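The residues making up each chain are set out below.
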Amino acid sequence: AEAAEKASAEKAAVTSANTGLVGGARGSASTSHGESLLGTIVWGSFERNTGDWAPFDETDAIEAAYQQGRRSIFLPTCFDATVYFERPFCYQTTPPVGAKPMGIRSVLRGVVGQRVQLYWRPDMQPAAFRLEPPNLFAERVVDVEITPRLEVATIWQWCDLTGEAVAFAIEQNWHNYCSSDSHLIESAWAQGRTSTVVSLFAGLTEYEIRDFRGAYATQYNLRTGAERLVRRARLLQGNDAALAETMLPDEICSLCAERFVDNPHWPISTTHCKHMFHATCLEHVMKEPSPRCPICRQSIQRYQSSSPQEERRSSLRRWSRGSRRPSQLM
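Conventions used here
Residues numbered from 1 in each chain as written. Predicted model: local features only at pLDDT ≥ 70, side-chain atom pairs only at ≥ 80, totals over all residues. Heavy atoms only, no water. Buried < 20%, exposed > 50% of the residue type's maximum accessible area, 1.4 Å probe, protein only. Helix = DSSP H or I, 4+ residues; strand = E, 2+ residues; numbered from the N terminus. Salt bridge = Lys/Arg side-chain N within 4 Å of Asp/Glu carboxyl O. Pairing = 2+ DSSP bridges. Axes fitted to C-alpha atoms, helices over the stretch in contact; angles between N-to-C directions. Core = buried A, V, L, I, M, F, W, Y, C linked by side-chain atoms within 4.5 Å. Contact = heavy atoms within 4.5 Å.

Colleague: Could you give an account of helix α3 (residues 59-67), naming the residues involved and the relevant values?
Modeller: Taken together, the buried positions of α3 are T59, A61, I62, E63 and A65. Looking one or two residues past α3, G69 carries a phi angle of roughly 80°, positive in sign.

Below, the structure is given as structure tokens:
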């Protein structure tokens, strides 16, 4: 009970200290804004695979805990992370969820405009870019500029990997829900009840989001029974609108009869016979014993991966992202 009360109090404190914004933001501020903040203290972490700087939106709450001499602070609004104030190098951990292992990142109390070096540490488990220099020669070193935190909004995302492959997920494996669906999930998450269920529809498919646990939940496909990990993330203000404006084919999915441009958050799959469908709609066809293209009736074969690592590479090919170019099925 005491642990629950402490977590609830910290969640309220973090939210209050940051005027309702959650998570961190990656990127650079505009030149004028960045110059006005030079020398300002900012807390952030470094993405373990790329070394990208991710300033915490919870900087005020973290700095307060640091000044109070606390050993750590729990951040329920940032993937349930715990930041540990160790010297000379601070770090954060995130709890394991399903097949996703515990995460760990280097954390820095930096100042805007500062530059730091990160070292690729293959000797650590998992291998990652870290602030701690290796005992021997570092094969990869990156120079990173510390930028200020930016205005962010909450967004919910789903992972295109399943099963053991989730342990190898990188940022490109996570995809945004549309704003309306994300708002529904966020409202359910705010209730703080694990039994809450959210119903969503995408093309021909009905999903349920349930089993909320911290910053994560599970998405269930009610027809196929497929399960996917869902997380509460953060998005720079304006990025969501920019995604909707990216180039998409001005055609319709022949299975659900909805235009691709009307639902830019839904990934697109293209068969080898060059016909495009919403990926979630085509999944219904792929569940058939001998799947065929709904338009030309040619046989369709799903790529079979041999390992979790290969499944990640396959998913990066299968699910479209960024430019929204259709992915390819065999």
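Colleague: How would you summarise the pattern of salt bridges if you had to cite specific residues and measurements?
Modeller: Overall, the coordinates contain 9 salt bridges when judged by the stated rule. Residue E63 is joined to R109 by a salt bridge in which the shortest nitrogen-to-oxygen separation is 2.8 Å. With E63 in helix α3 and R109 in strand β6 (residues 103-111), this pair connects stretches of sequence that are 46 residues apart. Exposure remark for E63: the relative accessible area of 15% places this residue in the buried category. Overlapping salt bridges, with partners in common, bring together R115, D143 and E145 in one network.

Colleague: A description of the sheet that holds strand β9 (residues 141-145) should follow, citing residues and the corresponding values.
Modeller: If you trace the 3 strands from one edge of the open sheet to the other, you get β8-β7-β9, paired in antiparallel fashion. Both outer strands of the open sheet, β8 (128-130) and β9, are each paired with one neighbouring strand and no more. When strand polarity is set aside, the average angle formed by the axes of neighbouring strands in this sheet is 35°. In the sheet, strand β7 (residues 115-121) pairs with β9 via 5 bridges, with the strands oriented antiparallel.

Colleague: So, the sheet that holds strand β1 (residues 41-46): which residues are in play, and what are the values?
Modeller: Taken together, 6 strands build an open sheet; the order of strands is β2-β1-β6-β5-β4-β3 and the sheet is antiparallel. Edge strands, defined here as strands with exactly one partner in the open sheet, are β2 (53-55) and β3 (72-75). Taken pair by pair, the neighbouring strands of this sheet meet at an average axis angle of 30°, ignoring direction. In the sheet, β1 pairs with β6 via 5 bridges, with the strands oriented antiparallel. If you follow W43 over to β6, its bridge partner there is R109.

Colleague: Can you break down the nonpolar core residue by residue, with the values?
Modeller: Membership of the largest hydrophobic core comes to 26 residues, with the highest contact counts inside it found for F56, I73 and F85. Other than its neighbours up to four places away in sequence, F85 contacts W43, I62, A65, Y66, R70, R71, S72, I73 and C90. V198, L200, Y207 and A217 belong to the second-largest nonpolar core, a separate cluster that totals 15 residues.

Colleague: Explain the environment of A61 residue by residue, including any values.
Modeller: Looking at where A61 falls in the secondary structure, it is placed in helix α3. Exposure remark for A61: the relative accessible area of 10% places this residue in the buried category. Taking the C-alpha atoms as reference points, A61 and W43, separated by 18 residues in sequence, lie 9.9 Å from one another.

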